[in-house]
Amino acid sequence: MLDLKTVRENLPAVAAALKKRGFDFDVEAFERVDAGRRAAITEAEQLKAAKNGLSKKIGDLKKAGEDAGELMDRVRLMGEQVSAAEARAAELDEKLYDGLKRTPNLPHESVPEGLGAEQNVEVKAWGRPPVFDFSPKPHWELGEALGILDWVRATKISGARFTVYRGMGARLERALIQFMLDTQTQRNGYTEFWTPLLVNAETMFGTGQLPKFEEDLFRLRGDSPYYLIPTAEVPLTNLHRDEVLDEAVLPLKYTAYTPCFRAEAGSYGKDTKGMVRQHQFNKVELVKFALPETSFAEHEALTLDAESILEALELPYRRMLLCAGDMGFGAAKCYDLEVFSAGQEKRWWECSSCSNFTDFQSRRANIKVKRRDGKKELLHTLNGSGLATSRVLPAILENNQLADGSIVVPKVLRPYLGGIEKIG
RNA sequence: GGAAGGAUGGCCGAGCGGUUUAAGGCAGCAGACUUGAAAUCUGCCGUGGGGGCGACUCCACCGUGAGUUCGAAUCUCACUCCUUCCGCCA
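Here we summarise the structure given alongside this text. Keep in mind that this is a model prediction, so the values were computed, not measured.

1. What about the protein's contact with RNA strand B?
Around RNA strand B, the surrounding shell holds 26 residues, and the nearest of these are Arg 8, Thr 42, Ser 55, Val 75 and Arg 76. Within the side chain of Glu 45, one N or O atom sits 2.9 Å away from a base nitrogen of RNA strand B. Within the residue set of the surface near RNA strand B, elements represented by two or more residues are helix H1 (4–9), helix H3 (27–63), helix H4 (69–101) and strand S14 (367–370). Sort the elements by how many residues they give to the surface near RNA strand B and H3 lands first, with 14 residues. Residues of the surface near RNA strand B, tallied by class, amount to seven nonpolar, five polar and 14 charged.

2. Considerations on the pattern of salt bridges
Enumeration over the complete set of coordinates arrives at 23 salt bridges. The salt bridge partner of Arg 102 is Asp 98, with a shortest N-O separation of 3.5 Å. Classification of Arg 102 as partly exposed rests on a relative accessible area of 33%. With a shortest N-O distance of 2.6 Å, Lys 283 and Glu 285 are connected by a salt bridge.

3. Quick look at the nonpolar core
Counting residues in each nonpolar core, the largest one holds 43 residues, and the members touching the most others are Leu 310, Leu 313, Val 392 and Leu 413. Among the elements of the structure, helix H5 (139–146), helix H7 (168–187), strand S10 (280–290), helix H10 (295–312), strand S12 (333–340), strand S13 (348–356), strand S16 (380–388) and helix H12 (389–399) are those that each provide at least two residues to this core. Broken down by element, the residue count for this core peaks at seven residues, all from H7. Setting aside anything within four residues of it in sequence, one finds Val 392 in contact with Leu 176, Met 180, Leu 310, Leu 313, Leu 315, Cys 351 and Leu 387.

4. As for unusual backbone geometry
Here the amide bond leading from Leu 250 into Pro 251 is cis, since omega sits at 0°, within 30 degrees of zero. Going from Gly 386 to Leu 387, the amide bond is cis rather than trans, its omega being 10°. Positive phi values are uncommon outside glycine, yet Glu 314 reaches one of about 60°. Its location among the elements puts Glu 314 in the loop between H10 and strand S11 (317–321). For Glu 314, a relative accessible area of 46% translates into the label partly exposed.

Conventions adopted
Residues numbered from 1 in each chain as written. Chains lettered and ligands numbered in written order. Predicted model: local features only at pLDDT ≥ 70, side-chain atom pairs only at ≥ 80, totals over all residues. Heavy atoms only, no water. Near = heavy atom within 4 Å. Polar contact = N/O pair within 3.5 Å; in protein donor to acceptor, adjacent residues only side chain to side chain. Helix = DSSP H or I, 4+ residues; strand = E, 2+ residues; numbered from the N terminus. Nonpolar A, V, L, I, M, F, W, Y, C, P; charged D, E, K, R; others polar. Salt bridge = Lys/Arg side-chain N within 4 Å of Asp/Glu carboxyl O. Buried < 20%, exposed > 50% of the residue type's maximum accessible area, 1.4 Å probe, protein only. Core = buried A, V, L, I, M, F, W, Y, C linked by side-chain atoms within 4.5 Å. Contact = heavy atoms within 4.5 Å.

So this is what it looks like as C-alpha cells:
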C-alpha cells in the first residue's frame, strides 16, 4: 500500500508514476474523498472533544456531591450527533483506504516505461543455447517416453494442470530442490525455513494477494479461514508481520522450499501441455528484509543468488528488466530470469521473478526497523524465486536430451542422484 | 473435543467505572561526570489519524468485534489466539 501522505502531497507525480505502469489513478476522485474524509473526521473529533469535556465535568460535579442530572441529559443527546458524524467519517475513510489498497506500487526511476512484455529490456545473457544434430523434443514427450512424468494419471487423480513424477523423475525433482536449498543456505547465506502451507487472510493481505487477487488463490471451503499459499513469499514475509526488527539484524535472508498452489484463473487454454503452468508446483523462494537505503543493492545481490543456480546447472538464461506495466502489483522494480528451453516453441521460460517491494508490503504487514537512534520506520521487503522447478526441470530435460531420448544429468546434481550421469 | 487461567507500548509488568494525562522497570536516545569506558545522575522515549506557518493542540487505540454507561484498559456478550490439565491422535 502506498503512503497516504505521500500520495496527497505528490498527487501529480504519483499519478504520473502509476500511469507508467498503465494504472489510471483518479486524481479528482482521490482529492474529493480525501478532503471529504478529513472534513468529516474534524467534525466528528470536535464533537467528541466537546462531549469528553462535559463527561469530565460530570465526574467533577459528582465528586463534589452536586447534581449533574441536567448535564447528563445534554451529553446523552450529543451521543447521536457524534455517532452520525463518526459514521460519515468511517464511510469515507473506508472508501479512501479501499482505493489505496487496490493501487499498485510506484515503479522505481530505473524501471523502463512500457505496458507489456514487449517493452521489457534484456540486461544480461548467460550461456549458449545447445546445438543439436537432431530435432529436439519438448519435455512432455521426453518425460512420458522415459516414464518419469505422467500427465494421463495426474489428470485421472486430480485433473488438468497437475503432474505426477515417477521414479527418476521424482528423484530428479527432489535432487533439484535439495541442490537449490543447499546452494542458497551454504553458499549464499540464507536461513532455511519450513512453514505452513495454509495461511490466514491477514497474511494474504500482508503480501498483497488480498483483497485484489482472491480469484487466483485456492481456499479449502468458502467459509474456511485458510488459504493455500501461492508462493513461500507469503509465509516467509509474514513471519515478521507486526514486528519491529533491530537495525543490527538486517538484512535478514530467508529461504524455503514449498509447493505453490495457484488457481491460474484466466489462463485457460494457455500452456496446457507439460509442467510449465500447473495448479501445484515446487519452488525454492528467497526473501529479504532490508534497510530502505540498501534495498536496491540487496535486490541486485538477490538476483545474482537466483542466477547462481542456473549457472551451476549450466542452463542458458537471460535477465529481463521488467517495464513498469509488466511488473507485479507490489513491485517497485523487478527482474525476471528466463531460462532457455530447447524443445518448445516459446523458448525462454520465466523461472524466477526477483522483486523489490520497497515499503509497499511492510506498510501492509506493519514490519518496521528500529534504527540506532531509536526511531522506527518501515523496512523494505524483497523476494525472488531461487528457483521454480516447474520451469527448470523442463529446461534440463530439453537442453540435455540426446538423440535416443535419454537425458544427461547436470554435473552438480549427480551427487544427489547416486552419481548417475544419464537418465534413460 | 472438555475444563481452568490469560492477552496492556520494542520487552517485562501494575492498573479491574471518573487525578490513567496508561504507574514502575528493562532496552534505546541525548546530556552531565570521566583520559576513555563502566557505574551513577538528569532529561527524552508507543502507534495511527485530524487541525495549526509554528510553539502546540485534539481524536482513536490496552487481542478482535459488538454492547452497557454522561464516562470503559476496567463491566457484559461473542470470537481469535496463548498457557496448563484431560481426552483423541501421526
